[in-house]
Amino acid sequence: MSDFPLDVVAEILCRLPVKSVLRCKCVSKSWLTLIDSPEFANLHLNYSLKLKTANSNLFLILRKVDYYGYGKRCFYSLHFDSLNSRVVTPKELTNPLLSSEYNTKVVGSCNGLLLISNTVHDIALWNPSTGKYKKLPVLGIGDNPVHVSFGFGYDVINDDYKVVRIVQFSGSEKGSFRSDVKVYSLKSSCWRGVDEQLPYFLRYVDQPGVYLNGSLHWVASAKMEIPANKLEPLIVAFDLGTEKWGLVPRHRYTDTGFIVNLVVLGGSLCVYKTYFVDSYDYSSGNVDLVLDHVDVWEMKEYGVKDSWTRVASLEQPDKQLGHTVVPLAYSENREEILVEQDNRRFLWTSIVGDSIKIVDTQNGTLRGFLHFNSYVYLGSLVKFGSNDDKSDLNKQYNQDKGGNRKARKKRMPF
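Residues numbered from 1 in each chain as written. Predicted model: local features only at pLDDT ≥ 70, side-chain atom pairs only at ≥ 80, totals over all residues. Heavy atoms only, no water.

Asker: Let's hear about the overall build of the protein chain: which residues, and what values?
Answerer: Summing up its helical and strand segments, the protein chain has six helices and 25 strands in all. Within the span of the protein chain, comprising 414 residues, buried residues form 49% of the whole. Taking the contacts inside the protein chain whose residues are at least 6 apart along the sequence as the reference set, 50% of them involve residues at least 24 apart. For the protein chain, the computed accessible surface area is about 21100 Å², with 50% contributed by carbon and sulfur atoms. (Helix = DSSP H or I, 4+ residues; strand = E, 2+ residues; numbered from the N terminus. Buried < 20%, exposed > 50% of the residue type's maximum accessible area, 1.4 Å probe, protein only. Contact = heavy atoms within 4.5 Å. Areas by Shrake-Rupley, 256 points an atom, 1.4 Å probe, with all protein chains shown as cover.)

Asker: Describe the environment of Ser77, listing the residues and the values that go with them.
Answerer: Checked against the element boundaries, Ser77 lands in strand E2 (residues 75-79). A residue is classified by how much of its surface remains accessible, and Ser77, at 11% relative accessible area, is buried. As a C-alpha pair, Ser77 and Ser374 span 297 residues in sequence and 9.5 Å in three-dimensional space. Beyond its immediate stretch of four places on either side in the chain, Ser77 contacts Phe59, Leu60, Pro90, Lys91, Leu93 and Tyr377. A polar contact of 3.1 Å, which involves the side chain of Ser77, links it to the side chain of Tyr377. (Polar contact = N/O pair within 3.5 Å; in protein donor to acceptor, adjacent residues only side chain to side chain.)

Asker: Any chance you could break down the sheet that holds strand E23 (residues 345-350) for me, citing the residues and the numbers?
Answerer: In spatial order, the strands read E21-E22-E23-E24; together these four strands make up an open sheet with antiparallel pairing. The open sheet is flanked by strand E21 (325-330) and strand E24 (356-358), the only strands paired with a single partner. When strand polarity is set aside, the average angle formed by the axes of neighbouring strands in this sheet is 30°. Where E23 lies against E24, three bridges are found, and the strand directions are antiparallel. Across the sheet, Thr349 pairs through a bridge with Ile356, a residue of E24. (Pairing = 2+ DSSP bridges. Axes fitted to C-alpha atoms, helices over the stretch in contact; angles between N-to-C directions.)

Asker: A description of the packing of aromatic side chains should follow, citing residues and the corresponding values.
Answerer: For the structure on display, the rule yields eleven aromatic pairs. Where Phe59 meets Tyr377, the ring centres are 5.5 Å apart and the plane angle is 20°; that geometry is what we call stacked. Here Phe59, found in strand E1 (residues 58-64), pairs with Tyr377, found in strand E25 (residues 372-378); they are 318 residues apart in sequence, far enough to count as distant. You'll find Phe59 and Tyr377 in the same group, each marked buried. Measuring from centroid to centroid gives 4.9 Å for Tyr154 and Tyr161, while their planes differ by 45°, and the two rings are tilted. The two residues Tyr154 and Tyr161 agree in class, both being buried. The residue whose ring lies beneath Lys273 is Phe258, and the NZ or CZ to ring-centre distance is 4.5 Å. (Phe/Tyr/Trp six-rings, centres within 6.5 Å; stacked < 30°, edge-to-face > 60°. Lys NZ or Arg CZ within 6 Å of the ring centre and 35° of its normal.)

Asker: Any details on the pairing of strand E11 (residues 190-193)? Residues and values, ideally.
Answerer: Where strand E10 (residues 177-185) meets E11, four bridges bridge the pair, whose relative direction is antiparallel. Following the sheet pairing, Lys182 is matched in E11 by Gly193. Linking E10 back to E11 in an antiparallel pair, the connection comprises four residues, with Ser189 at a positive phi of about 55°.

Asker: Describe in detail the sheet that holds strand E9 (residues 160-170), supporting the description with residues and values.
Answerer: In space, the four strands of this open sheet follow the order E8-E9-E10-E11, with antiparallel pairing throughout. Across the chains shown, the open sheet's two edge strands, defined by having one partner strand only, are strand E8 (147-155) and E11. Recorded for the sheet is a direction-independent mean angle of 25° between the axes of neighbouring strands. Direction of pairing for E8 relative to E9: antiparallel, over a ladder of nine bridges. Looking at the pairing, Val148 lines up with Val167 of E9.

Asker: Tell me about unusual backbone geometry, and name the residues and values.
Answerer: Phi at Asp159 takes a positive value of approximately 50°, unusual for a residue other than glycine. Position of Asp159 among the secondary structure elements: in the loop between E8 and E9. Under the relative-accessibility criterion, Asp159 is labelled partly exposed at 47%. Non-glycine residue Asp342 carries a positive phi angle of around 55°. When you line up the elements, Asp342 lands in the loop between strand E22 (336-341) and E23. Overall, the relative accessible area of 5% leaves Asp342 in the buried class.

Asker: Now, about the nonpolar core: what can you tell me, with residues and values included?
Answerer: Counting residues in hydrophobic clusters, the biggest one holds 57 residues, and the most contacted among them are Leu83, Tyr161, Val163, Val164, Trp218 and Phe346. When residues in this core are grouped by element, the largest group, six residues, is from E9. In this structure, Leu83 is in contact with Leu60, Leu78, Val88, Leu338, Phe346, Trp348 and Val359, ignoring residues within four places of it in sequence. Residues Tyr204, Ala237, Val248 and Trp308 belong to the second largest nonpolar core, which totals 17 residues. (Core = buried A, V, L, I, M, F, W, Y, C linked by side-chain atoms within 4.5 Å.)

Written as structure tokens, this is what we have:
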């Protein structure tokens, strides 16, 4: 085994799922050193990214939505391929920001790293595949912000991961506003301001920036108006390399009465437009808005306006359930789209036909989850550098240094 060339070993291991690679760390010291190296982490990541729609390293992370203050505030992981088995069992993960007061949210995702948050002051970067995390320094906000939005992505030019925080405030005149944009660099481990401030108003407080091609993307408007239904929805992009703002060309909207959101499907920027219709409730006598359908538009060639193509129109399969259908990912053959319906269940919806497959049909919902949010992430070995927060076991060991040696030896498995 020791005579086997390590470059050949690396080429073989980089093709394995993360879980299998981590198991190989116990084969030998040379394999452990190889797998723990940042060079191998990049090799493994680059191979996974080349596969794009292949699902061997694709996962869903579920966050239980705790509406009434009960239950565990935990995350759960689900391998993408298991969604084809109709009955699935999510695996519980250790939430590094676990709190008795807050439900931790995912507010960014890139290359297997997640940006998670309890509050705007309590945020961390986390790799759920390895369990490592890094808490970010606390940053002040200011008085009376209209909203705060985050984004997280990879700066290709400077080989750096960056967190972007946008705080927007009302201006002195109607429709005016001002923005405060800060960037956290993983390389420098600090926050700083940017030279060019955001000249657009973000439309949705709960929509983090969507990362693709070295930029973060948000739906925005030219001025502040709440609600913003009558304003033209724009796609604003922040280039993480140049730290400049720009607009992404979008397809022409010929209709009205929809809400615009962004998502990345199959390596392309997509817009999904949610349409609602009036529904009369005879028991209460009220008229409510219910979801009618969702149109998914894909930008086949990034930055090219004429490449926008409508790839799917997703009907609400059960109009009694609620108001949301969120597209998450293409199937490997790109003939189906996985969607999350009403924070309660997953559906495989056919792009070319009308077929719908419900994942986990035992109770019509995902077992053990009354409501949840889901996020797609790539399994990876990406590290945070030399300042990684260690695992709980290593933390305990470091805290015990200088204490009772016999007690340390008893607790440690080596």
